[in-house]
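Structural characterization, general
Chain by chain, the residues:
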Amino acid sequence: MALRVYRIGEAAKILNVKTSVLRFWETEFPQIRPKRTETGQRYYSEKDMHILKKIHTLLYQEGMTIIGAKKVLKGSTDPLVDDVTLPLEQNTLISEDEYPLEKNTFHYKETLHEVFCELKQLHSLL
């Protein structure tokens, strides 16, 4: 049984977005993992397409930000959306329980960490 795969142009057409938007989403959402050929051509699986459609709905129909959509996907109970996080986030995020005296500053640290991750991704693009 052959599984259906979609090239980036096909996926973009289905979602009614530009291919550059899909490439950007790949950098922002680690759940999207298209396979690549030797020439670098992306092939999106049905699972990738399901996640892309969910992201499209969150951003374009529900008006969420990228950060908001990331949080929704991270807390998703959808079996097709893995709870994937970047390795940096797994190692550096702390819970409020670990530092009970610093509860007031915990949310600032979390926000700063998110900004740091975004800056690191931007730096890698440059």
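In the block above lies the structure referred to throughout.
Here the residue index of a chain counts from 1 through its sequence in written order. For this predicted model, a pLDDT threshold of at least 70 governs which residues receive local features, and a threshold of 80 or more governs which side-chain atom pairs are given and counted, while totals over whole chains, interfaces and linings are taken from all residues. Excluding hydrogens and water, the side-chain figures rest on all heavy atoms present in the structure.

**A word on the sheet that holds strand 2 (residues 35-36)**
In spatial order, the strands read 1-3-2; together these three strands make up an open sheet with antiparallel pairing. Whereas interior strands pair on both sides, the edge strands pair on one side only; in this sheet they are strand 1 (6-7) and strand 2. The pairing criterion is simple: DSSP has to find at least two bridges between the two strands. Starting at the N terminus, helices and strands are each numbered in turn, a helix being any DSSP run of H or I of at least four residues and a strand any DSSP run of E of at least two. Sheet analysis places strand 1 next to strand 3 (residues 42-44), joined by two bridges and oriented antiparallel. Bridging from a neighbouring strand, R7 pairs with Y43 of strand 3. Set on the sheet, helix 3 (residues 46-61) makes contact with strand 1 and strand 3; between it and strand 3 the angle comes to about 80 degrees. For this analysis, residues touch if any pair of their heavy atoms sits within 4.5 Å. Axis definition: a line fit to C-alpha positions, over the contact stretch in the case of helices; interaxial angles, taken between N-to-C directions, run 0 to 180 degrees.

**Side note on unusual backbone geometry**
Although it is not a glycine, N16 adopts a positive phi angle of roughly 60 degrees. Note that N16 resides in the loop between helix 1 (8-15) and helix 2 (19-28). Each residue gets one of three labels from its accessible area relative to the maximum for its type: buried under 20%, exposed over 50%, partly exposed in between, using a 1.4 Å probe on protein chains only. Exposure remark for N16: the relative accessible area of 69% places this residue in the exposed category.

**Notes on the packing of helix 1 against helix 2**
Look at helix 1 against helix 2: their axes get within 8 Å of each other, and the N-to-C directions meet at 100 degrees. Considering the angle they form, helix 1 stands roughly perpendicular to helix 2. Facing I8, G9, A11, A12 and L15 of helix 1, the residues of helix 2 in contact are T19, L22, R23 and W25. The residue makeup of the contact of helix 1 with helix 2, split by class, is six nonpolar, two polar and one charged. Relative orientations are named as follows: roughly parallel for angles under 35 degrees, roughly antiparallel for angles over 145 degrees, roughly perpendicular for angles from 65 to 115 degrees, and oblique for any other angle. Basically, the charged four are Asp, Glu, Lys and Arg, the nonpolar ten are Ala, Val, Leu, Ile, Met, Phe, Trp, Tyr, Cys and Pro, and anything else, Gly included, counts as polar.

**Describing the nonpolar core**
In this structure, L22, W25, F29, I32, Y44, L52 and I55 are the most contacted members of the largest nonpolar core, which totals 19 residues. Elements that contribute at least two residues to this core include exactly helix 1, helix 2, helix 3 and helix 4 (66-74). Take this core: its biggest share by element is six residues, from helix 3. The contact partners of L52, leaving out residues within four places of it in the chain, are L15, L22, W25, I32 and Y44. Throughout this description, the term nonpolar core refers to a set of buried Ala, Val, Leu, Ile, Met, Phe, Trp, Tyr and Cys residues connected via side-chain atoms within 4.5 Å.

**Structural notes on the packing of helix 2 against helix 3**
Helices that pack against each other are described as a pair by the angle of their axes relative to one another and the distance between those axes. The N-to-C vectors of helix 2 and helix 3 enclose an angle of 100 degrees; their axes lie 12 Å apart at closest approach. Judged on the interaxial angle alone, helix 3 and helix 2 are roughly perpendicular. Of helix 3, the residues touching helix 2 (which contributes V21, L22 and W25) are L52, I55, H56, L59 and Y60. Each residue belonging to the contact of helix 2 with helix 3 can be placed in one class, and the counts come to seven nonpolar, one polar and no charged.

None of this, on its own, says anything about what the molecule does.
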